[in-house]
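# Report on the structure
Next come the chains, spelled out residue by residue.
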Amino acid sequence: MNQFLEIHTEVRQALLDKKPVVALESTIISHGMPYPQNVETALAVEKIIRDNGAVPATIAIMSGKCLVGLNSEQLEIMGKEKNVWKVSLRDLPYVVSKKLYGATTVAATMRIASMAEIKIFVTGGIGGVHRGATTTMDISADLTEMAQTSVAVISAGVKSILDIGLTLEYLETMGIPVVTIGQDEFPGFYSRKSGFLSPLRLDSPEEIAQMLGTKWKMGLRGSVLIANPVPAKMEIPTEEMEVHIERALTAAKEKKITGKNVTPFVLQYIADHSHGESLETNIALIRHNAKVGTEIAVALSK
Ligand code: PSU
Ligand code: MN
């Protein structure tokens, strides 16, 4: 096996026994939420996965290894340490060879999950095509990774800090199926609405597992983006979030934030200015994604 991969014994045993395993990212812990809610949420999400019949595998980088499955001490480090790198695909060899702390994005988490042969990955929101990308060329490596790596991603759709329409176009170009659970509209993360129709719709975890199995058995490499709308009682109306998003994007421009710092800056700004409401919704939707993602993983393992 890859000498840079370290799979937690519980995860390794589950994989050997062909039991369902669900991968989780760590950028959301280190750069997406404040301490201590980040660690509490990470633990709660792991518990939801266990309670629904799978083994959680949170992925991060430490001591020159890509860890697949963290213990509570390691989770605490990811949530608390100040000097944790945000690691997308391009940063992987640097952070591993330098033995730095690294929190993996969707792209890097997918790649490591696939090294460990995990098929299902649960997160909150993915990166995508940024607003203004026609001039900045700011398109997340999450999207190119989804074209290459056969790990399905369960998210609550795409935040409108991104250009949702262009993100859907890009996914189409890259041959990545986008399927929304239980509704015709593609969800907009905080809200069940986005203003865009979902390219595909399926209504049960079993149907989704069937589609994933079919795709990969056909030899079609790559991911499927599974969009799971936020629970109705927790959603924030689009108009309400839009104010914060516009201000965050303006602040990012004024402060000349570029490259990998754009997404964390914007997310932080929104969290700071929406009086904790966005954080509450964020936590609720991740928990919901963990439940539904685990149901898909269980169905797929049958
Ligand atoms: N979007 C969110 N929450 C997040 C992220 C994006 O709503 O936590 C994180 C994920 O880890 C995602 C990364 O993979 O940001 C994308 O960063 P970039 O746009 O730099 O590729
Ligand atoms: Mn970017």
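Scope of this entry: the structure provided in the associated data block. (Residues numbered from 1 in each chain as written. Chains lettered and ligands numbered in written order. Predicted model: local features only at pLDDT ≥ 70, side-chain atom pairs only at ≥ 80, totals over all residues. Heavy atoms only, no water.)

### Comments concerning the overall build of the chain
Assigned secondary structure in the chain consists of 13 helices and eleven strands. A globule of 302 residues ought to have a C-alpha radius of gyration of about 19 Å, and the chain, at 18 Å, matches this closely. Here the C-alpha coordinates of the chain stretch approximately 50 × 40 × 35 Å along the principal axes. Evaluated residue by residue, the chain yields a buried proportion of 55% over its 302 residues. For the chain, contacts bridging at least 24 residues in sequence account for 72% of all contacts bridging at least 6. With 31 positive and 33 negative side-chain charges, the chain shows a spacing of 6 Å between the two charge centroids. (Helix = DSSP H or I, 4+ residues; strand = E, 2+ residues; numbered from the N terminus. Rg over C-alpha atoms; globule rule 2.2 N^0.38 Å. Buried < 20%, exposed > 50% of the residue type's maximum accessible area, 1.4 Å probe, protein only. Contact = heavy atoms within 4.5 Å. Lys, Arg positive; Asp, Glu negative; His and termini not counted. Charge placed at Lys NZ, Arg CZ, Asp CG, Glu CD.)

### Structural notes on the site of ligand 1
Around ligand 1, a shell composed of 15 residues is seen, among which Glu 25, Lys 86, Ser 140, Lys 159 and Thr 263 lie nearest. Between ligand 1 and Lys 86 there is a distance of 2.6 Å, counted from an oxygen atom to a side-chain nitrogen or oxygen. Out of a free accessible area of 470 Å², ligand 1 has 93% covered by protein chains. When contributions to the shell around ligand 1 are tallied by element, the ones reaching two or more residues are α2 (27-30) and α12 (262-273). Looking at the shell around ligand 1 residue by residue, the class counts come to four nonpolar, seven polar and four charged. (Near = heavy atom within 4 Å. Polar contact = N/O pair within 3.5 Å; in protein donor to acceptor, adjacent residues only side chain to side chain. Areas by Shrake-Rupley, 256 points an atom, 1.4 Å probe, with all protein chains shown as cover. Nonpolar A, V, L, I, M, F, W, Y, C, P; charged D, E, K, R; others polar.)

### Observations concerning the side chain of Thr 167
Looking at where Thr 167 falls in the secondary structure, it is placed in helix α9 (residues 164-173). Sequence-distant contacts of Thr 167, that is, excluding residues within four places in its chain, are made with Gly 128, Val 129, Leu 143, Val 158 and Leu 162.

### Regarding the packing of aromatic side chains
Scanning all chains against the criterion turns up three aromatic pairs. Judged by centre distance (5.2 Å) and plane angle (40°), the rings of Trp 85 and Tyr 94 are tilted. Under the relative-accessibility criterion, Trp 85 is labelled partly exposed at 32%. Classification of Tyr 94 by relative accessible area gives partly exposed; the value is 41%. Seen in terms of ring centroids, Phe 189 and Tyr 190 are 4.9 Å apart; in terms of plane orientation they differ by 80°. Their pairing is edge-to-face. Note on Tyr 190: relative accessible area 4%, which makes it buried. Here Lys 119 stacks its cationic end above the ring of Trp 216, 4.5 Å away from the centre of that ring. Directly above the ring of Phe 189 sits Lys 159, whose terminal nitrogen or CZ lies 3.9 Å from the centroid. (Phe/Tyr/Trp six-rings, centres within 6.5 Å; stacked < 30°, edge-to-face > 60°. Lys NZ or Arg CZ within 6 Å of the ring centre and 35° of its normal.)

### Some words on the nonpolar core
Grouped together as the largest cluster of nonpolar side chains are 86 residues, with contacts concentrated most on Val 68, Leu 212 and Ile 226. Beyond its immediate chain neighbours, meaning those up to four positions away, Leu 212 contacts Ile 120, Ala 152, Val 224, Ile 226, Ile 296 and Leu 300. Formed by ten residues, the second largest nonpolar core is a distinct cluster that contains Ala 60, Met 62, Leu 67 and Val 84. (Core = buried A, V, L, I, M, F, W, Y, C linked by side-chain atoms within 4.5 Å.)

### Remarks on the environment of Ser 26
Checked against the element boundaries, Ser 26 lands in the loop between β2 (21-24) and α2. On the basis of relative accessibility, which here comes to 0%, the residue Ser 26 falls in the buried class. In this structure the C-alpha to C-alpha distance between Ser 26 and Arg 12, which are 14 residues apart in sequence, comes to 19 Å. In this structure, Ser 26 is in contact with Ile 59, Ala 60, Met 78, Gly 102, Ala 103, Thr 104 and Thr 109, ignoring residues within four places of it in sequence.

### Observations regarding the packing of helix α6 (residues 106-115) against helix α8 (residues 141-148)
Two elements in contact, α6 and α8, have axes separated by 8 Å at closest approach and are oriented at 25°. Between α6 and α8, the angle is such that the two are roughly parallel. Of α8, the residues touching α6 (which contributes Val 106, Ala 107, Met 110 and Arg 111) are Ala 141, Asp 142, Glu 145, Met 146 and Gln 148. (Axes fitted to C-alpha atoms, helices over the stretch in contact; angles between N-to-C directions. Parallel < 35°, antiparallel > 145°, perpendicular 65-115°, else oblique.)

### Considering α6
Of all ten residues in α6, seven are buried; the element is thus mostly enclosed. Listed in full, the buried residues belonging to α6 are Val 106, Ala 107, Ala 108, Thr 109, Met 110, Ile 112 and Ala 113. One or two residues past the end of α6 sits Glu 117, with phi positive at roughly 65°.

### Here's the deal with the pattern of salt bridges
Per the counting criterion, the structure on display carries eleven salt bridges. Of the charged contacts in the structure, one is a salt bridge between Lys 80 and Glu 76, with a shortest N-O distance of 3.8 Å. One end of the pair is Lys 80 and the other is Glu 76, both in helix α4 (residues 72-80) and four residues apart, which spans about a single turn. With relative accessibility at 28%, the residue Glu 76 sits in the partly exposed group. By sharing partners, the salt bridges in this structure join Arg 131, Glu 242 and Glu 246 into a single network. (Salt bridge = Lys/Arg side-chain N within 4 Å of Asp/Glu carboxyl O.)

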